[in-house]
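# Coordinate analysis (summary)
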Amino acid sequence: MLRTFEWNSMSREEKRASLLRPSLGAEPVRESVNEILRRVRAEGDKALRELTLELDGYFPHELEIRVPGAGTVKLDPDLKKAIDLAAKNISRFHKSQCEKEKAVMIMPGVKAWRKSVPVTRVGLYIPGGTAPLFSTVLMLGIPARLAGCREVVIFTPPGKDGSIHPAILYAAAKAGVRKIVRCGGAQAVAAMAYGTETIRPCDKIFGPGNRYVTLAKQRVLSEGIAVDMPAGPSEVAVLADTSANASFVAADLLSQAEHGPDSQVILVTDNRRFAEQVNRELEAQLKNLPRASTARRSLAESRAILVRSMREGMNWINDYAPEHLILACRKAKMYASGVCNAGSVFIGNYSCESLGDYATGPNHTLPTNGYARAWSGVSVDSFVKKITFQEVSQAGLVRLGPSVITMARAEGLEAHAEAVRIRLKGSKKEMK
């Protein structure tokens, strides 16, 4: 269960350690990721097929397949309705992020504007295996479609029979995605980054994953290949006082812990007895979880932080910068206004993080491992480039040019000044 640490009894080193996540960078993992990237870059499709057979138990003669129409996918009708509702909510939220072009008259004769231009080809990594995350298809595919990306391709590991989970197929159809590559793990990231004989490289890579996927994304990012963010493994922090329901909090912690053994869950509370109640609830609820062994391994790397006040707890939260933050406390809305660092915030006892994972509308692909200090979650903006435009008339040149010449010469850039001066010389003659 969660080990409890009393914040004010900890040394400076212990306090610093309390903010750390389980290490992604164990050397054998790094070596494995580097070797996978090297193989795919050198051997292309051959490496993808061999690695998929080795790691997923299937040899994909055909790597890329077409997404069938939503109406042809065999799936439980209730699940289809649930996916339809989630897709509707996600679309509604993300549509509000679409910007209209707006020109600004900077000064007479000088006009500027910014335009959102979609990334041409994007690759969406969708975790599969023991937990096929069809919800992530919606969270990535829908904003990609709204942004206007010309080509959207899903990469996901196949089952041992080569099949793709029908919920992934249905969600892909609802999101408007037409292609799936049957490949997962670090090798999928490599295929998106470098391309192969049959797979074109992607302009930007999206999607969460385990430590292999996350390390592969970090590696290709260092090579100049665009990624959405460092996303994964999953994490949640709950700020709770005695007004919270211990069974609710335990369920929230377990909902993240079941993602994988490298997920991390944190309870921050000002009441030791409440922390003990949560631990008892964790033990009771674990007995009924199919993924209990996975959750237990995650809990072994997680902790409860005992603070003197909720305000002190908020300070810890902002230093930790969680992917998901649940505020299960009195005055939750007030504390929400003080959040500086978090991927997504859930306010109040009924705003469980699971709702956000599936259907409230905001994106669930969020920065982890402390990156929420500087990174945002996925949005429509993630799928576009912001290109600025400037248009200067002859009259605008006359008004602005002399100031630019003065600044350019002050920086010792005479050619910059001359590019303006030569135009001014002709313009002044024409305007006489």
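Our structure is the block above this text.
Just so it is clear, the model here is predicted, and its values are computed rather than measured. (Residues numbered from 1 in each chain as written. Predicted model: local features only at pLDDT ≥ 70, side-chain atom pairs only at ≥ 80, totals over all residues. Heavy atoms only, no water.)

Its identity is not glycine, yet Ala321 carries a phi of approximately 55°, on the positive side. On the basis of relative accessibility, which here comes to 0%, the residue Ala321 falls in the buried class. A positive phi is found at Lys331, a non-glycine position, where the angle reads about 60°. Structurally, the position occupied by Lys331 is in the loop between strand S13 (324-328) and helix H13 (332-336). Looking at Lys331, the relative accessible area reads 59%, which means it is exposed. (Buried < 20%, exposed > 50% of the residue type's maximum accessible area, 1.4 Å probe, protein only. Helix = DSSP H or I, 4+ residues; strand = E, 2+ residues; numbered from the N terminus.)

It is worth spelling out empty space enclosed by the protein at this point. Evaluation of the coordinates by the stated rule reveals two cavities of 30 Å³ or more. Within this model, the second largest cavity holds a volume of roughly 50 Å³. In terms of lining, the second largest cavity is formed by Val238, Phe248, Val249, Asp252, Ile326, Ala328, Gly348, Asn349, Ser351 and Cys352. Looking at the lining of the second largest cavity, the elements that each hand over two or more residues are helix H9 (246-257) and S13. If one sorts the elements of the lining of the second largest cavity by residue count, H9 sits on top with three residues. For the lining of the second largest cavity, a count of residues per class yields six nonpolar, three polar and one charged. (1 Å grid on protein atoms, 1.4 Å probe; cavity = no way out; pocket = protein on both sides within 12 Å on 5 of 7 lines; lining within 4 Å. Points joined across faces, edges and corners; volume = space filled by probe spheres on them. Nonpolar A, V, L, I, M, F, W, Y, C, P; charged D, E, K, R; others polar.)

Spatially, the three strands line up as an open sheet ordered S3-S4-S15, and their pairing is antiparallel. What marks the edges here is a single partner per strand, and that holds for strand S3 (102-107) and strand S15 (384-392). The mean angle between the axes of side-by-side strands here comes to 25°, regardless of whether they run parallel or antiparallel. Alignment of S3 against strand S4 (residues 110-118), held across five bridges, turns out to be antiparallel. Note that in S4 the partner of Met105 across the bridge is Lys111. Seen against the sheet, helix H15 (residues 394-410) touches S3, S4 and S15 and runs at an angle of roughly 90° to S15. (Pairing = 2+ DSSP bridges. Axes fitted to C-alpha atoms, helices over the stretch in contact; angles between N-to-C directions. Contact = heavy atoms within 4.5 Å.)

All right, on to the side chain of Glu353 then. Looking at the element boundaries, Glu353 is found in helix H14 (residues 353-358). No salt bridge is formed by the buried Glu353, whose closest oppositely charged neighbour, Arg291, lies at an N-O distance of 13 Å. Residues in contact with Glu353, not counting those within four places in the same chain, are Asp252, Ser255, Gln256, His324, Ile326 and Phe346. (Lys, Arg positive; Asp, Glu negative; His and termini not counted. Salt bridge = Lys/Arg side-chain N within 4 Å of Asp/Glu carboxyl O.)

A separate point is the packing of aromatic side chains. How two aromatic rings sit relative to each other is given by the distance of their centres and the angle of their planes. Scanning the entire structure with this criterion turns up five aromatic pairs. When the centroid spacing of 6.3 Å and the interplanar angle of 85° are considered together, the rings of Tyr371 and Trp375 count as edge-to-face. In this structure Tyr371 comes out as partly exposed when scored by relative accessible area, which is 30%. On the basis of relative accessibility, which here comes to 31%, the residue Trp375 falls in the partly exposed class. Above the ring of Trp7, the side-chain terminus of Lys15 is found at 5.0 Å from the ring centroid. (Phe/Tyr/Trp six-rings, centres within 6.5 Å; stacked < 30°, edge-to-face > 60°. Lys NZ or Arg CZ within 6 Å of the ring centre and 35° of its normal.)

Let's shift gears to the pattern of salt bridges. Taken as a whole and judged by the stated rule, the model has 23 salt bridges. One salt bridge in this structure joins Arg272 and Glu6, with 3.0 Å as the shortest N-O distance. Of this pair, Arg272 sits in helix H10 (residues 272-286) while Glu6 sits in strand S1 (residues 3-6), placing them 266 residues apart in sequence. Where Lys174 meets Asp84, a salt bridge forms, and the shortest distance between an N and an O atom there is 3.4 Å. With Lys174 in helix H6 (residues 166-175) and Asp84 in helix H4 (residues 77-95), this pair connects stretches of sequence that are 90 residues apart. A relative accessible area of 32% places Lys174 in the partly exposed class. A single salt-bridge network, built from bridges that share partners, covers Arg39, Glu43, Lys46 and Glu50.

Reading across the sheet, the six strands line up as S1-S12-S11-S10-S13-S14 and stay open at both edges, with parallel pairing between neighbours. Because the sheet does not close on itself, it has two edges, and the strands there are S1 and strand S14 (344-347). The average angle at which neighbouring strand axes cross in this sheet is 20°, direction not considered. Of the strands in this sheet, strand S10 (235-240), strand S11 (264-269), strand S12 (303-306) and S13 are in contact with helix H12 (residues 310-320), which crosses S11 at around 155°.

What follows concerns H15. End to end, H15 covers 24 Å across 17 residues, agreeing with the expected 24 Å (1.5 Å per residue, within 8%). All of the buried residues in H15 are Gly396, Leu397, Gly401, Ile405 and Ala408. Just beyond H15, the residue with positive phi is Gly412, at close to 75°. (Expected span 1.5 Å × (residues − 1).)

This brings us to helix H8 (residues 211-222). With 12 residues, H8 extends 16 Å between its outermost C-alpha atoms, agreeing within 8% with the 16 Å of an ideal straight helix rising 1.5 Å per residue. Every buried residue belonging to H8 is among Arg211, Val213, Thr214, Leu215, Ala216, Lys217 and Val220, and all of these are buried. In this fold, the buried residues of H8 make contact with helix H2 (27-43), strand S5 (121-125), helix H7 (185-194), strand S8 (204-206) and strand S9 (226-227). Of the residues that open H8, the one with a side-chain oxygen 3.0 Å from the backbone nitrogen of Tyr212 is Asn210. Gly224 lies just past H8 and shows a positive phi near 90°. (Polar contact = N/O pair within 3.5 Å; in protein donor to acceptor, adjacent residues only side chain to side chain.)

It is the contact of H2 with H7, at a shortest axis distance of 9 Å, that shows an interaxial angle of 45°. In terms of their interaxial angle, H2 and H7 are classed as oblique. Considering how the two elements wind past one another, H2 and H7 form a crossing that is right-handed. Residues Val33, Ile36, Leu37, Val40 and Arg41 of H2 form the contact with H7, whose participating residues are Ala186, Gln187, Ala190, Ala191 and Tyr194. (Parallel < 35°, antiparallel > 145°, perpendicular 65-115°, else oblique. Left-handed = near helix turned anticlockwise from the far one by under 90°.)

Bringing a positive patch on the surface into the picture now. A surface patch of like charges, here positive, comprises Lys88, Arg92, Lys95 and Arg145. Sorting elements by how many residues they give to the positive patch places H4 first, with three residues. (Patch = residues over 30% accessible without salt bridge, like charges linked within 9 Å, V, L, I, M, F, W, Y side chains within 5 Å. Areas by Shrake-Rupley, 256 points an atom, 1.4 Å probe, with all protein chains shown as cover. Charge placed at Lys NZ, Arg CZ, Asp CG, Glu CD.)

Coordinates in, geometry out; function isn't part of it.
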